[in-house]
Amino acid sequence: MRKVLYPGTFDPVTNGHIDIIKRAMELFDGVVVTVAINPSKTPLFTVEERVQMIRDSLTGFNNITVDSFDGLVVEHAHQVGAIGIIRGLRAVSDFEYEFQMALMNRKLAGDLTTVFLMPHEKYTYLNSSIIRNLAELKSDVSEFVPQVVLQKLKEKFSQ
Ligand code: ADP
């Protein structure tokens, strides 16, 4: 079983992330989407909320699991039995950081290969922080996020 790990902050998951997950599911037997607990970031959604939103956005697929982790990506990849790490590449601006991370992860765990996938062009300018900002300003983000995320954003910003 060729399984891959897709780590990220997913605060919240967007249609760009979903696009990458679906492409990964076509290429591999299993995808583990994992919400990284990053102490240096102050997320809008809790880890549990982020995990649940990803699960609810991908019902009906049986080769995906969603979890969270606190620590090194490569260690978690080994724990779940992944052969590689998926990352999304939107634009050249992503490249430098992603390149650095991929090389560092390869140094830490030479048995893991990082695979970069590109989303549909319509998602290349999309990121979670833009979505949070737009939603806070009550702008319509329905074409950028799954329905369940739209609902949660509305709840968050109506409080
Ligand atoms: P991180 O803090 O790890 O970058 P993100 O949730 O922002 O967490 O992103 C996780 C991964 O998904 C990264 O590889 C990022 O490049 C990718 N990604 C984010 N937004 C998109 C998008 N709109 N289309 C494709 N990939 C994306």
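Parameters and conventions
Residues numbered from 1 in each chain as written. Predicted model: local features only at pLDDT ≥ 70, side-chain atom pairs only at ≥ 80, totals over all residues. Heavy atoms only, no water. Helix = DSSP H or I, 4+ residues; strand = E, 2+ residues; numbered from the N terminus. Buried < 20%, exposed > 50% of the residue type's maximum accessible area, 1.4 Å probe, protein only. Contact = heavy atoms within 4.5 Å. Core = buried A, V, L, I, M, F, W, Y, C linked by side-chain atoms within 4.5 Å. Phe/Tyr/Trp six-rings, centres within 6.5 Å; stacked < 30°, edge-to-face > 60°. Salt bridge = Lys/Arg side-chain N within 4 Å of Asp/Glu carboxyl O. 1 Å grid on protein atoms, 1.4 Å probe; cavity = no way out; pocket = protein on both sides within 12 Å on 5 of 7 lines; lining within 4 Å. Points joined across faces, edges and corners; volume = space filled by probe spheres on them. Nonpolar A, V, L, I, M, F, W, Y, C, P; charged D, E, K, R; others polar.

A few words on the environment of V148. Along the chain, V148 turns up in helix α6 (residues 147-158). Overall, the relative accessible area of 22% leaves V148 in the partly exposed class. Sequence separation of V148 and Q52 is 96 residues, and the distance between their C-alpha atoms is 9.5 Å. Residues contacting V148, with those up to four places away along its chain left out, are M53, D56 and S57.

Let us now look at the nonpolar core. Membership of the largest hydrophobic core comes to 34 residues, with the highest contact counts inside it found for Y6, V33, I54, I86, V145 and L153. The dominant element in this core, judged by the number of residues it contributes, is helix α1 (residues 15-27), at five residues. Non-local contacts of I54, meaning those with residues more than four positions away in its chain, are made with F10, V13, V33, V35 and V66. The next biggest cluster of nonpolar side chains, apart from the first, holds 12 residues, and it includes L5, A36, I85 and L112.

Inspection of every chain in the model, using the stated rule, returns three aromatic pairs. Between Y6 and F10, the aromatic rings sit 5.2 Å apart at their centres with planes inclined by 80°, giving edge-to-face as the arrangement. Residues Y125 and F144 carry aromatic rings whose centres are separated by 6.3 Å and whose planes lie at 85° to one another, so their mutual orientation is edge-to-face. Residue Y125 is found in the loop between β5 (113-117) and α5 (128-136), and its partner F144 is found in the loop between α5 and α6; the two are separated by 19 residues along the sequence.

In this section: the pattern of salt bridges. Side-chain pairs of opposite charge can arise where the charged atoms are in close proximity. For the structure shown, the criterion picks out six salt bridges. Linking R132 and D11 is a salt bridge whose minimum nitrogen-to-oxygen distance equals 3.5 Å. Placement of the pair is R132 in helix α5 and D11 in the loop between β1 (3-8) and α1, with a sequence separation of 121 residues. For D11, a relative accessible area of 4% puts it in the buried group. Taking the shortest distance from any N to any O, the salt bridge between R23 and D19 comes out at 2.5 Å. Here R23 pairs with D19, and both are found in helix α1, just four residues apart, close to one helical turn. Relative accessible area serves as the criterion here: at 34%, R23 is assigned to the partly exposed category. Because the salt bridges share partners, they merge into one network encompassing E49, K152 and K156.

Moving on: empty space enclosed by the protein. Applying the stated criterion across every chain yields a total of one cavity of 30 Å³ or more. Breaking the lining of the largest cavity down by element, the ones donating at least two residues are β4 (84-88) and α4 (92-108). Top contributing element to the lining of the largest cavity by residue count: α4, with four residues. Per-class residue counts for the lining of the largest cavity are five nonpolar, two polar and two charged.

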